[in-house]
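# Chains, contacts and geometry: an overview
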Amino acid sequence: MNGISHKQAVQWIYGRLDGLLSEPQRLLLDEHLRSCDSCRVYASSVDGFSDHLQNEFHRRWDAQPGPSQNVFEYVTTGASRIPMTNRISSGVRLLAGAMALIILGIAINFVIARLQGSSPLTTVTEVVERSQLPEIRLLAFTSDQNGNSDIYVMHADGSGQTNLTNNPARDSNPSWSPDGKWIAFESDRDGFVQIYLMDANGSNVFQLTHDEAHHFLPMNIHGESNPWSPDGNKLLFLKQEPEAETSTLYLLDIKSKNVVLLVNGTVQFNNISWSPDGKRIGYVLNDSPTPDATFVTGLYVVDAAGSNLIVINTLLPQTDVVDKPSYYWSRNGSSMIFIAYRHLDEGRDQWIAYEAILDSNQLIERATSSTIMEDWWEGTSFVHGTDPYLLTWLRADGAFNTLKPLEVCDLTVESEYGFLARRSPNGNQVINIFCPNREMWFYYASSDGRIIKPLLNSPIPSFTVDMNVTSITWSSDDQFIAVTLASPEKSSLYILNVKSPSIQPGEIVMSSGELYAVPSWQPVP
Amino acid sequence: MIIMDYRLIEGCRVGDSSAVESFVHTYQQDLYSLALSILDDSNEADDATQESFLAALHALDSFHGASSLKTWLFSITVNICRTRLQKQRRRERLRKILGGILQAAHPPSVEESTIELESGEALWRLIHQMDEKHRIPIVLRYYHDLSIAEIASILQVPEGTVHSRLNTARRQLHNVLKEGNL
């Protein structure tokens with residue numbers, strides 16, 4: 001008798017019925033059934049029973065004529081009232097919410113007024129205004145359209161553009177604090193590039209760095225500044241001495257002004273980002289012995305005290321190298337996910353999704369692909385299909401969805417296209433497709449690829465010169481995407497609305513030259 | 001297919017009547033067939049189908065595509081059918097209690113009628129007696145041919161729970177069939 005017991009065989013007979021057995025389990029069961037008469041009889045009886053049950057169900061219900069015509073008429077008639085009743089009920093909910101806030105505001109203010117002897121009116125207004133914050137979220141961005149680089153804010157629909165800095169110096173690279181109340185930015189108003197803070201309307205400007213050196217806010221994996229610790233108490237910045245070729249990564253405690261040196265690196269620092277739990281900072285360095293000629297990705301993690309450095313590359317087997325300078329944090333920040341490339345014999349190369357468990361310095365192989373793997377997110381591999389013109393989201397259970405960029409471009413012949421994919425911190429993706437005819441499209445894909453939808457009804461108008469996509473920035477609730485494009489003759493900003501893809505985004509010209517600046521979304525409270 | 005579903009949903013959200021018609025046309029047979037297989041009564045299935053569509057159209061904003069549209073609709077329909085089954089059973093209990101008090105014969109319920117019509121079919125008697133926890137997975141698996149993962153998603157329980165409920169139900173039904181030499 002081979003490997004499994006009779007009891008196990010009986011359990012697996014039912015597991016096989018439900019498609020729950022792995023291939024080795026199926027083989028073991030088959031082997032057992034070949035050598036065990038009673039189990040084989042039982043399996044045959046169970047299979048026969050399943051067929052009988054299916055036949056019984058179909059015999060009983062398939063003969064039924066189907067839904068009556070009343071169903072169609074009742075639903076289509078009733079449905080016409082739904083948008084109106086939904087609007088009314090949302091209105092009622094909104095009104096009830098506003099009333100509750102006002103009452104709460106009055107109550108709180110009454111207590112404060114009793115304690116401080118002040119008028120309650122101002123606080124009530126503030127409470128109501130705060131309740132509207134999700135609808136009035138702002139995008140901060142850099143523009144030199146007025147002849148000087150300043151920081152502007154505007155609403156997600158492009159309205160209400162306001163210059164917050166209005167300073168003759170070069171102000172750039174804004175980044176909202178996690179509570180949406182402050183903006184960190186760079187400015188050379190004292191002769192060096194320094195880091196400043198201002199509040200959401202441009203007032204209360206504080207200079208945070210003072211050394212006679214240049215200071216920059218770091219850029220993260222999405223091309224978005226990510227200097228803020230998740231609790232909003234600390235800021236990361238890079239310091240570069242004048243004429244120096246290296247920069248150093250520091251962490252500044254905003255309240256105490258204490259500065260911690262995290263890493264002495266090179267100017268080729270890349271993808272510096274906080275872990276979601278605020279305990280660690282990840283970054284990429286060029287590990288190449290000949291940095292001018294090649295970029296060899298080195299992945300590193302250091303804790304917020306500047307200690308416990310983890311060199312992720314050293315955890316890899318010798319056959320593997322980090323494939324690209326990108327990584328993701330797990331949602332709780334305890335691990336980091338990245339793609340490695342394994343060169344085997346001709347035609348047998350592999351791409352592997354690794355999860356590095358940071359507390360134990362352990363690598364777990366999450367998925368392997370024989371075609372290029374762009375990334376991996378919670379069980380879904382985003383790969384190039386066996387057909388290189390097919391983008392594929394392959395889930396752990398083998399189910400998959402695909403997107404054919406050439407179909408998007410309305411081309412039937414195979415031709416060169418380009419694409420760029422950017423994940424939001426929640427895992428959803430925007431896929432930017434550049435067609436051979438120079439049209440540019442944007443698609444949304446849910447984190448597991450089950451939903452793929454266009455974000456535009458027509459392509460973003462092409463330009464007389466080639467445009468580079470310089471950043472794609474998701475809002476924190478995945479509702480909006482800010483895209484910047486730059487060329488030697490023009491740099492523009494577009495906002496894509498994930499909920500209303502049919503709206504063609506308007507163009508906001510940031511510069512009449514090539515401006516590489518990254519916008520920042522105000523977090524939704 | 002996914003993009004088509006998305007456009008259909010967007011149309012329904014804004015009250016586009018042709019989108020609603022297309023939505024109902026696309027899914028009414030599936031939903032009716034599901035309701036019929038759970039309730040085993042064509043009038044009840046009609047009502048449950050109507051109720052499911054209206055509930056889905058009201059709740060479209062909460063559909064975020066975590067599952068397929070069909071799975072989401074099945075989930076709504078199963079919940080509506082469960083509520084209807086519970087009401088049926090409450091009515092049945094009440095009728096039995098009243099019948100006992102009045103010591104009068106009561107007219108058979110729809111379920112009992114069905115059973116009587118097919119008396120001798122121990123299999124169907126057992127299926128009707130089964131609680132919904134075991135009956136619904138069996139129907140979803142063997143009539144609608146859904147995978148364990150799909151059933152788990154519809155019932156919002158772990159896959160292991162679905163497998164275990166199916167096993168319990170299958171063993172009971174299998175024994176009945178064996179006893180009847182089927």
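Keep in mind the model is a prediction, meaning the values are calculated, not measured.

Secondary structure summary: chain A contains 7 helices and 33 strands in total. For chain A, the proportion of its 525 residues judged to be buried stands at 48%. When contacts within chain A are restricted to residue pairs at least 6 apart in sequence, long-range pairs at least 24 apart make up 41% of them. Carbon and sulfur atoms make up 53% of the accessible area of chain A, which amounts to about 25300 Å² in all.

This part covers the overall build of chain B. Secondary structure summary: chain B contains 9 helices and 0 strands in total. N-terminal to C-terminal, the α/β element order of chain B is α-α-α-α-α-α-α-α-α. Here chain B holds 182 residues, and the buried ones make up 51% of them. By element, 52% of the accessible surface of chain B is carried by carbon and sulfur atoms, the whole surface being about 8800 Å².

This part is about unusual backbone geometry. Residue and element names in this part refer to chain B. In this model, Asp40 sits at a positive phi of 55°, which is unusual for a non-glycine residue. One non-glycine residue, Asp145, lies in the positive phi region at around 60°. Here Asp145 lies in the loop between α7 (132-142) and α8 (148-155).

Take helix α2 (residues 23-35) of chain A next. Residues and elements named next belong to chain A. Between the first and last C-alpha of α2 there are 19 Å, a value that for 13 residues agrees with the 18 Å anticipated at 1.5 Å per step. Residues Leu29, His32 and Leu33 constitute the buried set of α2. All buried residues of α2 fall inside an arc of 100° around its axis, so they share one side. In α2, the exposed positions angled more than 90 degrees off the buried face are occupied by Pro24 and Arg34.

Bringing the pattern of salt bridges into the picture now. Inspection of the entire model under this criterion finds 23 salt bridges over all chains. Residue Arg423 of chain A pairs with Asp375 of chain A through a salt bridge whose shortest N-O separation is 2.8 Å. With a gap of 48 residues between them, Arg423 of chain A in strand β25 (residues 418-423) and Asp375 of chain A in strand β21 (residues 373-377) connect regions that are remote in the sequence. Close ionic contact of Lys70 of chain B with Asp30 of chain B constitutes a salt bridge, the shortest N to O distance being 3.7 Å. With Lys70 of chain B in helix α4 (residues 69-102) and Asp30 of chain B in helix α2 (residues 17-39), this residue pair connects regions lying 40 residues apart in the sequence. Using a relative accessible area of 26% as the deciding quantity, one classes Asp30 of chain B as partly exposed. Salt bridges here are not isolated pairs; linked through shared partners, they connect Arg16, Asp30 and Asp47 of chain A.

Right, let's get into the confidence of the model for chain B. All names here are of chain B. Averaged over every residue, the pLDDT of chain B is 78; the share at 70 or more is 77%. Of the regions scoring below 50 in pLDDT, residues 102-120 engages in 24 contacts with residues more than four places distant in sequence or in other chains. Two numbers describe this predicted complex: its pTM, 0.57, and its ipTM, 0.80.

Residue and element names in this part refer to chain A. Taken in spatial order, the 4 strands make up an open sheet running β3-β2-β1-β33, and their pairing is antiparallel. Of all strands in the sheet, those with a lone pairing partner are β3 (162-163) and β33 (520-521), marking the two edges. As paired elements, strand β2 (residues 150-155) and β3 share 2 bridges and run antiparallel to each other. Bridging across to β3, Val153 finds its partner in Thr162.

Taken together, the 52 residues of chain B in the interface contact 48 residues of chain A. Summed over the shared surface of chain B and chain A, the result is 3 salt bridges. For Asp40 of chain B, the salt bridge goes to Arg60 of chain A, with nearest N and O atoms at 2.8 Å. Along the contact surface separating chain B from chain A lie 10 residue pairs in polar contact (both at pLDDT 80 or more). Elements supplying a minimum of two residues to the side of chain B that touches chain A: α1 (2-13), α2, α3 (42-58), α6 (122-129), α7 and α9 (159-179) of chain B.

Quick look at the nonpolar core now. Leu53 and Phe57 of chain A together with Phe23, Leu57 and Leu173 of chain B are the most contacted members of the largest nonpolar core, which totals 78 residues. A total of 12 residues in this core trace back to one element, the largest contributor, which is α2 of chain B. Counting residues in each nonpolar core, the second largest holds 32 residues, with Leu391, Trp441, Ala445 and Val469 of chain A among its members.

Each aromatic ring pair is characterised by the separation of its centres together with the angle its planes make. A full pass over the atoms with the stated rule returns 20 aromatic pairs over all chains. Ring centres of Trp182 of chain A and Phe206 of chain A lie 5.9 Å apart, and the angle between their planes is 50°; this geometry places the pair in the tilted category. Taken together, the positions of Trp182 of chain A in strand β5 (residues 182-187) and Phe206 of chain A in strand β7 (residues 206-207) put the pair 24 residues apart, joining distant regions of the chain. You can call Trp182 of chain A partly exposed: its relative accessible area is 27%. Put simply, the rings of Phe57 and Trp61 of chain A together with Trp124 and Tyr143 of chain B pair up and form one aromatic cluster. Over the ring of Trp124 of chain B we find Arg60 of chain A; its NZ or CZ atom is 4.0 Å from the centre of that ring.

Calculation rules
Residues numbered from 1 in each chain as written. Chains lettered and ligands numbered in written order. Predicted model: local features only at pLDDT ≥ 70, side-chain atom pairs only at ≥ 80, totals over all residues. Heavy atoms only, no water. Helix = DSSP H or I, 4+ residues; strand = E, 2+ residues; numbered from the N terminus. Buried < 20%, exposed > 50% of the residue type's maximum accessible area, 1.4 Å probe, protein only. Contact = heavy atoms within 4.5 Å. Areas by Shrake-Rupley, 256 points an atom, 1.4 Å probe, with all protein chains shown as cover. Expected span 1.5 Å × (residues − 1). Arc of directions from axis to C-beta. Salt bridge = Lys/Arg side-chain N within 4 Å of Asp/Glu carboxyl O. pLDDT = per-residue confidence, 0-100. Pairing = 2+ DSSP bridges. Polar contact = N/O pair within 3.5 Å; in protein donor to acceptor, adjacent residues only side chain to side chain. Core = buried A, V, L, I, M, F, W, Y, C linked by side-chain atoms within 4.5 Å. Phe/Tyr/Trp six-rings, centres within 6.5 Å; stacked < 30°, edge-to-face > 60°. Lys NZ or Arg CZ within 6 Å of the ring centre and 35° of its normal.

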